[in-house]
Amino acid sequence: SVNLIKTCVEMGIVVSIGHTAAGSDDIRRAADAGARLSTHLGNGSHNMIPRHPNYIWDQLAEERLYTTMIADGVHLPDNVLKVFFTVKKDKSILISDGMPLTGLEPGIYDFPATGKVCLTSDQKIYLVESPETYAGSASVVLDGVKRMSGIAGFTAAWEMASCNPRTLMDGTAQKGLYEGAPADLVILDPGTDQLQIRQVYKDGVPGF
């Protein structure tokens, strides 16, 4: 509700909307109340929605909302990722929606949150009783960076996974490196198409 959003904002909580059946006015009122983000836009949606208006168009058109998207090659096709990025630009954020099954071998798993799910070799997770229904992802954010690099270029893709979410959470944050910035760094192997991570630093301390 609007009152809940306002209360969360007053407590310093960043509010995201999604898994919704909201109408155009509801989304506008949510943004008016301080909601700042759309949760993995295009997913957690009904299988059939009106051509227009609908809550995907409304959230794209709402300039106050950042948009998160799952670029794992399963949840959203590349042309949709391109449209979302083209509209939202530096308010685009990559997320993985990774579940505890991430990194496990393909197979059938009994997952407490959803019941029995099937994990496929291409990292798709769907409900055994409803194969058309996804149940999260088995990807990591770096997978999204790799895929989005082919759509928007590496620089934009990396910012979608790093600078943009930081800017959302800290409105005073500057992009990139500057004097006094936290030394939160990722070093990649140069010249590789696989974007292999060599080292991660958190506040200047190596952690990977």
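Structural data are supplied above this passage.
Residues numbered from 1 in each chain as written. Predicted model: local features only at pLDDT ≥ 70, side-chain atom pairs only at ≥ 80, totals over all residues. Heavy atoms only, no water.

## Quick notes on the nonpolar core
Within soluble globular proteins, side chains that are nonpolar tend to cluster in buried spots. The test is simple: Think of a nonpolar core as a cluster: buried Ala, Val, Leu, Ile, Met, Phe, Trp, Tyr and Cys residues, connected wherever their side-chain atoms sit within 4.5 Å. Remark: exposure states derive from per-residue accessible area (1.4 Å probe, protein chains only) relative to the maximum for the residue type, with buried under 20%, exposed over 50%, and partly exposed in between. Secondary structure follows DSSP: runs of H or I at least 4 residues long count as helices, runs of E at least 2 residues long count as strands, and numbering of each begins at the N terminus. Contact criterion: two residues are considered in contact whenever any of their non-hydrogen atoms come within 4.5 Å of each other.
Grouped together as the largest cluster of nonpolar side chains are 27 residues, with contacts concentrated most on Ala35, Met69, Phe84 and Leu94. Of all the elements in the fold, those that place two or more residues in this core are α1 (2-10), α2 (24-33), α3 (55-61), α4 (78-88), α5 (141-152) and α6 (154-161). Setting aside residues no more than four positions away along its own chain, Leu94 makes contact with Met69, Ala71, Val141, Gly144, Val145, Met148, Ala157, Met160 and Ala161. In terms of nonpolar packing, the next biggest core, distinct from the first, is built from seven residues, Leu101, Val117, Ala135 and Ala138 among them.

## Examining the packing of α5 against α6
To keep things clear, this is the line we draw: Only the stretch in contact is used when a helix axis is fitted, and all axes are lines through C-alpha atoms; the angle between N-to-C directions ranges over 0 to 180 degrees. Crossing handedness follows the turn of the near helix against the far one: under a right angle anticlockwise gives a left-handed crossing, and clockwise gives a right-handed one. When residues are sorted by character, Ala, Val, Leu, Ile, Met, Phe, Trp, Tyr, Cys and Pro go into the nonpolar class, Asp, Glu, Lys and Arg into the charged class, and all the rest, Gly among them, into the polar class.
For the pair α5 and α6, the least separation of the axes is 7 Å and the interaxial angle reads 145°. As α5 packs across α6, the resulting crossing turns out to be right-handed. From α5, Val141, Leu142, Val145, Met148, Ser149 and Ala152 reach across to α6, where they touch Phe154, Ala156, Ala157, Trp158, Met160 and Ala161. Split into classes, the residues belonging to the contact of α5 with α6 amount to 11 nonpolar, one polar and no charged.

## Some points on the pattern of salt bridges
Cut-off, in case you're wondering: Definition used for salt bridges: Asp or Glu carboxyl oxygen within 4 Å of a side-chain nitrogen of Lys or Arg.
Summed over the entire model, instances satisfying the criterion amount to eight salt bridges. Close ionic contact of Asp32 with Arg28 constitutes a salt bridge, the shortest N to O distance being 3.3 Å. Taken together, the positions of Asp32 and Arg28, both in helix α2 and four residues apart, correspond to about one turn of that helix. Across the salt bridge formed by Arg64 and Asp32, the nearest N and O atoms sit 2.7 Å from each other.

## So, the environment of His52
Formally: Whenever two N or O atoms come within 3.5 Å, that pair is a polar contact, provided that in protein one can donate a hydrogen and the other can accept it, and provided that, for residues adjacent in sequence, both atoms are side-chain atoms.
Within the element layout of this structure, His52 appears in the loop between β2 (37-38) and α3. When its relative accessible area of 54% is taken as the criterion, His52 is described as exposed. A polar side-chain atom of His52 sits 3.5 Å from a polar atom in the side chain of Arg51.

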